[in-house]
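Spelled out from the first residue to the last, the chains are:
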Amino acid sequence: MVNILFDSKASTQDLPRIIDKYILNNKIFIIQSFTQYKGKGTHNRKWYSPKGNLYFTIILKRKFKSIINMNVFVCYLIHKYFENKLKISLQYKWPNDLYYQDKKIIGILNQNEITGNLCKFKIGIGININNNIKNSNFKSISLKDIIKKKINILDFSNDIQTYLSQNILKIFLIKDILNYLNRYLLLTNTKYKIKYQNKTYKNISILNLNYNLTLKIKIMNNIINIMYGELE
């Protein structure tokens, strides 16, 4: 693992050109910054990134066919980290967020660059450590709010990044990930909205994750399976 730390950066998703050529198969780079002034979220949203939280991007290359959807896989790993090391049980909001008691604590953004049979993954991770983020789209919470004490950012980042680097290259059975995340799936329909047949719906019933990692939902009397990018 190679860790590069910035005091401030536009976004940890923006890979410095000087290191791009050194990213080899199964070599893990981590770009971290104490603040971001152009942080990126899903659906081209800005990710507000004040000092006091954790912002980093994991970069690695692997054979494209050897990786399941990386958003889901990383959510699974981080959920297990909080469950096993911190004894905190989170909720999984498909496909790329983790919540605590219906409040967002972690967001994940995966960007891929595919060349031949290789894929360069850039997995951006934002964790509310000492500050909760005010956002009109959702309620949020910080780790400090949960455990009632301030956290050392560098100590925490070193621990979780080491854990991720040790596990992200392992092979897991999709059914194990599916069964695990279904137990913690966030069902609260006010956290989801979808455009369906040219209308936007918020009153959605979340049913379960499917084997192919699509999501089964119910809108009015229709049961449908949706792919990534269709649900907000």
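These figures come from a predicted structure and were not determined experimentally. (Residues numbered from 1 in each chain as written. Predicted model: local features only at pLDDT ≥ 70, side-chain atom pairs only at ≥ 80, totals over all residues. Heavy atoms only, no water.)

1. Points about the pattern of salt bridges
Okay, so step 1: What the rule picks out here adds up to two salt bridges.
Okay, so step 2: Where Asp159 meets Lys85, a salt bridge forms, and the shortest distance between an N and an O atom there is 3.6 Å. Here Lys85 lies in helix α2 (residues 70-85) and Asp159 lies in helix α4 (residues 153-167), a separation of 74 residues in the sequence.
Okay, so step 3: Exposure remark for Asp159: the relative accessible area of 30% places this residue in the partly exposed category.
Okay, so step 4: According to the relative accessible area criterion, Lys85 is partly exposed, its value standing at 48%.
Okay, so step 5: Put simply, Asp97 and Lys104 hold a salt bridge, and the shortest N to O gap is 3.3 Å. You'll find Asp97 and Lys104 in the same group, each marked buried. (Salt bridge = Lys/Arg side-chain N within 4 Å of Asp/Glu carboxyl O. Helix = DSSP H or I, 4+ residues; strand = E, 2+ residues; numbered from the N terminus. Buried < 20%, exposed > 50% of the residue type's maximum accessible area, 1.4 Å probe, protein only.)

2. Examining the sheet that holds strand β12 (residues 222-226)
Okay, so step 1: Pairing within the open sheet is antiparallel, and its three strands lie in the order β10-β11-β12. If you trace the sheet from one side to the other, it starts and ends with β10 (204-209) and β12, each paired once. Strand-to-strand twist of the sheet, defined as the mean angle between neighbouring strand axes without regard to direction, takes the value 25 degrees.
Okay, so step 2: Strand direction decides the pairing type here: β10 and strand β11 (residues 215-219), joined by five bridges, are antiparallel. Of the residues in β11, the one forming a bridge with Ser205 is Lys218. (Pairing = 2+ DSSP bridges. Axes fitted to C-alpha atoms, helices over the stretch in contact; angles between N-to-C directions.)

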